[in-house]
Amino acid sequence: MSLKIGIIIGSIREGRAGLDVAKWVLEKVQAIDTASTYELVDLKSFDLPFLGATPTESQIKGITSWSQTMSQYDGYILVTPEYNHVVPGALQNAFQFLKPEVANKALAFVGYGWLGAARAIVGFRAHLAYQQIALTQQQINLSFTSDFANPGTENQTFTPGAWHDAELNLLVSQLTGWSKALKTLR
Ligand SMILES: Cc1cc2nc3c(=O)[nH]c(=O)nc-3n(C[C@H](O)[C@H](O)[C@H](O)COP(=O)(O)O)c2cc1C
């Protein structure tokens with residue numbers, strides 16, 4: 001069964017570290033699982049209002065485009081940083097617009113931060129579980145202290161440890177296993 005998986009770039013910040021992380025994830029998981037199609041989904045490219053605010057014409061199109069984009073995937077990998085121990089506000093807001101688009105689909109986390117965005121991921125699991133998303137046990141926690149050179153400076157560079165390869169293998173196995181099973185449910 002062929003799957004289509006979206007890799008969501010959860011930071012919309014200019015100069016975000018998340019872009020390099022997401023590109024690395026794409027390269028790794030596509031090599032692990034050549035039978036499926038993996039694509040980057042850049043949150044930054046969708047003009048979304050804050051949920052509840054009156055949308056502009058452009059934002060109405062943005063909501064539709066976000067909904068249609070997320071609908072087409074069988075599962076997701078969410079690449080997220082941590083701001084004040086939670087996921088970025090724009091990321092949480094974007095998921096507030098979704099329900100049928102993501103229900104009965106699987107999602108795996110790749111976090112990056114001083115503690116691999118571990119606290120943000122724990123919190124966001126509760127939100128996404130309510131949206132009927134199946135969240136894999138395996139997650140990747142990339143740390144500024146071990147997976148980045150010159151962390152916190154303008155020379156910061158993403159240098160992921162080789163030990164994450166085994167974690168990515170398990171993540172892909174759990175994500176695709178559930179994505180296949182849930183496809184039959186949908
Ligand atoms: C206001 C603010 C709060 C932050 N809070 C955290 C935090 O709670 N945990 C953490 O690991 N890093 C924290 N950071 C550092 C970010 O993880 C870091 O800036 C990272 O590069 C953000 O990801 P991005 O560049 O992809 O947007 C914070 C940064 C800012 C500006």
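This structure is a prediction, so every number in the text was calculated from the model and none was measured.

A. The arrangement of the packing of aromatic side chains in detail. For the structure shown, the criterion picks out 8 aromatic pairs. Taken together, a centroid distance of 5.0 Å and an interplanar angle of 40 degrees make the contact between phenylalanine 148 and phenylalanine 158 tilted. Here the residue phenylalanine 148 occupies a position in strand β7 (residues 148-149), and phenylalanine 158 occupies one in strand β8 (residues 157-158), the gap between them amounting to 10 residues. Per residue, the accessibility class of phenylalanine 148 equals that of phenylalanine 158, and both read buried. An aromatic cluster of three or more residues is present, and its members are Trp24, Trp114, Phe144, Phe148 and Phe158. Above the ring of tyrosine 130, the side-chain terminus of lysine 99 is found at 5.2 Å from the ring centroid.

B. Here's a closer look at the environment of valine 87. With respect to the secondary-structure elements, valine 87 resides in the loop between β3 (75-80) and α3 (89-96). Judged by its relative accessible area of 4%, valine 87 is buried. Each residue touching valine 87, except ones within four places of it in the same chain, is listed here: Thr80, Pro81, Gln92, Ala120 and Phe124.

C. Inspection of the nonpolar core at higher detail. Ranked by internal contacts, the top residues of the largest apolar core, which has 28 residues, are Val21, Val25, Ile77 and Val110. Contributing elements (two or more residues each) for this core: β1 (4-9), α1 (18-32), β3, β4 (105-113), β6 (140-143) and α5 (164-185). By size, the runner-up hydrophobic cluster in this structure holds 25 residues, among which are Val41, Phe46, Trp66 and Leu91.

D. Expanded view of the pairing of β4. The buried fraction of β4 is high, at 9 of 9 residues. Along β4, one buried face is formed by Lys105, Leu107, Phe109, Gly111 and Gly113 and the opposite face, lined by Ala106, Ala108, Val110 and Tyr112, is buried too. Pairing geometry for β3 and β4, over 6 bridges, is parallel. What sits directly across from glycine 75, in β4, is alanine 106. Each parallel crossover has a hand, and for β3 linked through α3 to β4 it is right-handed. Strand direction decides the pairing type here: β4 and strand β5 (residues 133-135), joined by 3 bridges, are parallel. Across the sheet, the residue bridging to lysine 105 is isoleucine 133, located in β5. Crossover handedness for the path β4 to helix α4 (residues 118-130) to β5: right-handed. Here β4 runs beside β6; their pairing, made up of 4 bridges, is parallel. Across the sheet, residue glycine 111 finds its bridge partner in β6, namely asparagine 141.

E. Broad picture of the environment of alanine 134. Mapped onto the secondary structure, alanine 134 falls in strand β5. Classification of alanine 134 by relative accessible area gives buried; the value is 19%. For alanine 134 and leucine 107, which are 27 residues apart along the polypeptide, the C-alpha to C-alpha distance reads 6.1 Å. Setting aside chain neighbours within four positions, we find alanine 134 in contact with Lys105, Ala106, Leu107, Trp178 and Leu182.

F. A look at the side chain of glutamate 101. In this fold, glutamate 101 is placed in the loop between α3 and β4. For the buried glutamate 101, no salt bridge exists, and the shortest N-O distance to an oppositely charged side chain is 8.0 Å, to lysine 105. Setting aside anything within four residues of it in sequence, one finds glutamate 101 in contact with Ser67, Met70, Ser71 and Tyr76.

Thresholds applied
- Residues numbered from 1 in each chain as written.
- Predicted model: local features only at pLDDT ≥ 70, side-chain atom pairs only at ≥ 80, totals over all residues.
- Heavy atoms only, no water.
- Phe/Tyr/Trp six-rings, centres within 6.5 Å; stacked < 30°, edge-to-face > 60°.
- Helix = DSSP H or I, 4+ residues; strand = E, 2+ residues; numbered from the N terminus.
- Buried < 20%, exposed > 50% of the residue type's maximum accessible area, 1.4 Å probe, protein only.
- Lys NZ or Arg CZ within 6 Å of the ring centre and 35° of its normal.
- Contact = heavy atoms within 4.5 Å.
- Core = buried A, V, L, I, M, F, W, Y, C linked by side-chain atoms within 4.5 Å.
- Pairing = 2+ DSSP bridges.
- Right-handed = clockwise from strand over helix to strand, strands pointing away.
- Lys, Arg positive; Asp, Glu negative; His and termini not counted.
- Salt bridge = Lys/Arg side-chain N within 4 Å of Asp/Glu carboxyl O.

That's the geometry; what it means functionally is another story.
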